[in-house]
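A structural walkthrough
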Amino acid sequence: MELWILFGTFVTLMLIGTPIAFCLGVASFATVAYMGLPPLVVFQRLNSGMSVFSLLAIPFFIYAGDLMVRGGIASRIVAFAGSLVGHLRGGLGQVNIAASTLFGGISGSAVAEAAAVGGLMIPQMKARGYGVDYAVNVTSMAALIALLLPPSHNMIIYSISAGGKISIADLFTAGIIPGLMLAGALMITAYFVARSRGYPTEAFPGFQAVAHLAAVAVPGLLLIGIIFGGVRSGIFTATESSCIAVLYALLVTVFVYRQMTWEAFIDATMGAVRTTAMVLLIIGTAAAFSWLMAYMRVPASLVAAMNAVSENPYVILILMNLLLLGLGTFMDMGPLIIIATPIFLPVAQAYGVDPVHFGVIMILNLGIGLNTPPVGAVQFVACAVGKISVWRAMRSIWPFYGAGLIVLALVTYVPALSLWLPSVFR
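Note that the coordinates shown come from a computational prediction; the quantities given were computed from them, not determined experimentally. (Residues numbered from 1 in each chain as written. Predicted model: local features only at pLDDT ≥ 70, side-chain atom pairs only at ≥ 80, totals over all residues. Heavy atoms only, no water.)

**Structural notes on a positive patch on the surface**
A contiguous patch of positive charge on the surface is contributed by Lys126, Lys387, Arg392 and Arg395. With respect to the helices and strands, the residue arginine 392 is situated in helix 21 (residues 390-394). (Patch = residues over 30% accessible without salt bridge, like charges linked within 9 Å, V, L, I, M, F, W, Y side chains within 5 Å. Areas by Shrake-Rupley, 256 points an atom, 1.4 Å probe, with all protein chains shown as cover. Salt bridge = Lys/Arg side-chain N within 4 Å of Asp/Glu carboxyl O. Lys, Arg positive; Asp, Glu negative; His and termini not counted. Charge placed at Lys NZ, Arg CZ, Asp CG, Glu CD. Helix = DSSP H or I, 4+ residues; strand = E, 2+ residues; numbered from the N terminus.)

**Things to note about helix 22 (residues 398-413)**
Given a rise of 1.5 Å per residue, 16 residues ought to cover 22 Å, and the 22 Å separating the end C-alpha atoms of helix 22 matches this to within 8%. Residues of helix 22 that are buried include every one of Phe400, Tyr401, Ala403, Gly404, Val407, Leu408, Val411 and Thr412, and no others. (Expected span 1.5 Å × (residues − 1). Buried < 20%, exposed > 50% of the residue type's maximum accessible area, 1.4 Å probe, protein only.)

**Some words on the environment of asparagine 371**
Relative to the elements of secondary structure, asparagine 371 occurs in the loop between helix 19 (355-369) and helix 20 (377-386). A relative accessible area of 0% means that asparagine 371 is categorised as buried. Residues asparagine 371 and proline 399, spaced 28 residues apart in sequence, show a C-alpha to C-alpha distance of 13 Å. A polar side-chain atom of asparagine 371 sits 3.1 Å from the main-chain carbonyl oxygen of serine 140. Among the polar contacts listed, one links the side chain of asparagine 371 to the backbone nitrogen of glutamine 379, at a separation of 3.3 Å. (Polar contact = N/O pair within 3.5 Å; in protein donor to acceptor, adjacent residues only side chain to side chain.)

**Describing the side chain of serine 83**
Within the secondary structure layout, serine 83 lies in helix 5 (residues 73-85). The buried category is assigned to serine 83, whose relative accessible area is 2%. A polar contact is formed between the side chain of serine 83 and the backbone oxygen of phenylalanine 80, at a distance of 2.6 Å. Sequence-distant contacts of serine 83, defined by excluding residues within four places in its chain, comprise Phe204, Pro205, Val210 and Leu213. (Contact = heavy atoms within 4.5 Å.)

**Focus on helix 5**
In a regular helix each residue adds 1.5 Å, so 13 residues correspond to 18 Å; helix 5 covers 19 Å between its end C-alpha atoms and thus fits that length. Every buried residue of helix 5 is accounted for by Ile73, Ala74, Arg76, Ile77, Val78, Phe80, Ala81, Ser83 and Val85.

**Concerning the side chain of asparagine 137**
Relative to the elements of secondary structure, asparagine 137 occurs in helix 8 (residues 132-142). When its relative accessible area of 0% is taken as the criterion, asparagine 137 is described as buried. Aside from chain neighbours lying at most four places away, what touches asparagine 137 is Gln379, Ala393, Ser396, Ile397 and Phe400.

**Quick word on a nonpolar patch on the surface**
Where nonpolar side chains cluster on the molecular surface, the patch consists of Leu247, Leu251, Val254, Phe255 and Val256 and spans about 470 Å² of accessible area. Topologically, phenylalanine 255 is positioned in helix 14 (residues 238-256). A residue is classified by how much of its surface remains accessible, and phenylalanine 255, at 61% relative accessible area, is exposed.

**Here we look at the packing of helix 7 (residues 110-127) against helix 20**
Orientation of helix 7 relative to helix 20, taken along the N-to-C sense of each, is 30 degrees, at an axis distance of 9 Å. What the angle tells us is that helix 7 and helix 20 run roughly parallel. In the packing of helix 7 onto helix 20, the handedness of the crossing is right-handed. For the pair formed by helix 7 and helix 20, the contact residues are Ala110, Val111, Ala114, Ala115, Gly118, Gly119, Ile122 and Lys126 on the first element and Ala377, Val378, Val381, Ala382, Val385 and Gly386 on the second. Its residues placed into classes, the contact of helix 7 with helix 20 shows 10 nonpolar, three polar and one charged. (Axes fitted to C-alpha atoms, helices over the stretch in contact; angles between N-to-C directions. Parallel < 35°, antiparallel > 145°, perpendicular 65-115°, else oblique. Left-handed = near helix turned anticlockwise from the far one by under 90°. Nonpolar A, V, L, I, M, F, W, Y, C, P; charged D, E, K, R; others polar.)

**Description of the pattern of salt bridges**
Under the criterion given, the structure shown has one salt bridge. Note that aspartate 133 and arginine 197 form a salt bridge whose closest N and O atoms lie 3.1 Å from each other. Note that aspartate 133 is positioned in helix 8 and arginine 197 in helix 12 (residues 176-197), a separation of 64 residues in sequence. You can call arginine 197 partly exposed: its relative accessible area is 35%.

What follows is the structure, given as structure tokens:
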């Protein structure tokens, strides 16, 4: 009955449009009241969930990404990517994916990437004769690359949800090869879709122009090396690297590109404050929700249920992927990581799956969920930029979904794709 109250209250509130933080908090309070536990328990868990030092990295990386968009770093990265791959079939689609890969290594946020790269690329693609659904779908799927590349916010959330026992540096490193694989799969898909629709290519600007645009983009791109190199080498932690990212972004946008205005700085600061408040409230209420599930032994029950179905690790991984894909269509990624990690990670470890490997599987899986309605945040942002309905975009997104699912299958069943690079750096 306790589980029925917990999940029933949560689902009911979510279906009537209640914000996700309140769904989690009210469901936790209702369950605690039924079980006769003191309500103070919920507040204690909420406070402990938010009072984690590593969480400071998330608002600072969000802040750094916003400063880069408003200070001109994103536009220069797009120009550089265009010079590299614009001459391929479906040129601007390829530019979109390449720019997302480069910018993803700076922002770490799929939503920020969809807004930044989409805001620059979708209008250009529409003006050059590309279908708006193609432009939106390329943008929304390419934004998922940011989830896998450092400094991915969601990798940090996963590490914290796993009890802080998983190295953030290892997670950052583990996502690089899958992230590049996703970029390659999307570029191949974009090529064939563009070829079937007869979309044009862009003229190659010449090696001199490529070198010039690369030099202009270098100050922004250096941040990728600073963040990854510093965290991986142990010079600073992920939290400290986020502060360095903000300082570096300010220096580049103010003194190098000289594009940051006082108004843009205020907007970026206030935007980071609002986003931080929302994220921390969700994390806190999700921590209370997760504690209740652990208290009621939900992970152990799930392991027993899966054992009843099969003891084959490959079958179990398929089942977990299907469950996560289903959950990802109804919940946003951040709270779902916090809720699902304490449930699914013990199951995965019981079948011999490395926690770093499982983290990459979960991040990629739930990232695909960000492009599936009714709660597809990245899809909503891309459609808003492209000014089309979600349902119109969904009718033609299937080739790109297919590419994402193929990469997910490879990452799931070839652990070396995630674990080889961390072992090399370690």
